[in-house]
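# Breakdown of the fold
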Amino acid sequence: MVLDPAWPGWGVIRGAAATCTAGGYTFCRSQCQAWLYLPMPYHDRSNLPANVRKALARVPHAQDIYKEAFNSALAQYKEEGRAHAVAWHAVKQQYVKGEDGKWRAKTRK
């Protein structure tokens, strides 16, 4: 069974007997009846996890950065946890969390 990166949804598995997409995730059952979880890329801000949307609610540009970085890292590494870490790192390159807990654009020196 091989993940087919040519398909933008990352849900196609060559050699899989069945696939099911639910809640932004794709689950695939191979011919040996094992289910394989495959994260899907985020298509817009509304698809981001609730904790990300809440944390970055006042900075929509940061949400866009997160989304693009996550999708790119997911395509490259094929690991959801690593993709989230890369996405937060990308946000932190341009934004900083203030003492009040709100994210703000970094000031240029």
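Below, the structure is looked at part by part. (Residues numbered from 1 in each chain as written. Predicted model: local features only at pLDDT ≥ 70, side-chain atom pairs only at ≥ 80, totals over all residues. Heavy atoms only, no water.)

Assignment of secondary structure puts Leu48 in the loop between strand E5 (35–39) and helix H1 (50–55). Put simply, Leu48 and Lys67 are 19 residues apart on the chain and 7.2 Å apart in space, counted from C-alpha to C-alpha. Residues contacting Leu48, with those up to four places away along its chain left out, are Tyr42, Arg53, Gln63, Tyr66 and Lys67. (Helix = DSSP H or I, 4+ residues; strand = E, 2+ residues; numbered from the N terminus. Contact = heavy atoms within 4.5 Å.)

Here we take up the packing of helix H2 (residues 60–77) against helix H3 (residues 80–94). At a minimum axis distance of 7 Å, the contact between H2 and H3 shows a crossing angle of 145 degrees. Considering the relative orientation of H2 and H3, their crossing is right-handed. In contact with His61, Ala62, Ile65, Tyr66, Ala69, Phe70, Ala73, Leu74 and Tyr77 of H2, H3 contributes Glu80, Arg82, Ala83, His84, Val86, Ala87, Trp88, Ala90, Val91 and Gln94. Class assignment of the residues belonging to the contact of H2 with H3 gives a composition of 14 nonpolar, three polar and two charged. (Axes fitted to C-alpha atoms, helices over the stretch in contact; angles between N-to-C directions. Left-handed = near helix turned anticlockwise from the far one by under 90°. Nonpolar A, V, L, I, M, F, W, Y, C, P; charged D, E, K, R; others polar.)

Taking 1.5 Å as the rise per residue, H2 with 18 residues should run 26 Å; its terminal C-alpha atoms sit 25 Å apart, in good agreement. Of all the positions in H2, only Ala62, Gln63, Ile65, Tyr66, Lys67, Ala69, Phe70, Asn71, Ala73 and Leu74 are classed as buried. Looking at the residues trailing H2, positive phi occurs at Lys78, about 60 degrees. (Expected span 1.5 Å × (residues − 1). Buried < 20%, exposed > 50% of the residue type's maximum accessible area, 1.4 Å probe, protein only.)

Following the criterion strictly, the structure yields three aromatic pairs and no others. Pairing Tyr66 with Trp88 gives two aromatic rings, centres 5.2 Å apart and planes at 70 degrees, and the pair type is edge-to-face. Placement of Tyr66 in helix H2 and of Trp88 in helix H3 is noted, with a sequence separation of 22 residues between them. When its relative accessible area of 1% is taken as the criterion, Tyr66 is described as buried. Between Trp88 and Trp103, the aromatic rings sit 5.8 Å apart at their centres with planes inclined by 25 degrees, giving stacked as the arrangement. Here Trp103 lies in strand E7 (residues 103–105) and Trp88 lies in helix H3, a separation of 15 residues in the sequence. Members of the aromatic cluster, connected to one another through ring pairs, are Tyr66, Trp88 and Trp103. The aromatic ring of Tyr77 is capped on one face by Arg82, whose charged end is 3.8 Å from the ring centroid. (Phe/Tyr/Trp six-rings, centres within 6.5 Å; stacked < 30°, edge-to-face > 60°. Lys NZ or Arg CZ within 6 Å of the ring centre and 35° of its normal.)

Moving on: the nonpolar core. Among the nonpolar cores identified, the biggest contains 17 residues, and Leu56, Tyr66, Phe70, Val91 and Tyr95 are the most heavily contacted of them. Elements that contribute at least two residues to this core include exactly H2 and H3. With seven residues, the single largest contributor to this core is H2. Once residues lying within four places of it in the same chain are set aside, the contact partners of Phe70 are Met40, Tyr42, Glu80, Ala83, His84 and Ala87. (Core = buried A, V, L, I, M, F, W, Y, C linked by side-chain atoms within 4.5 Å.)

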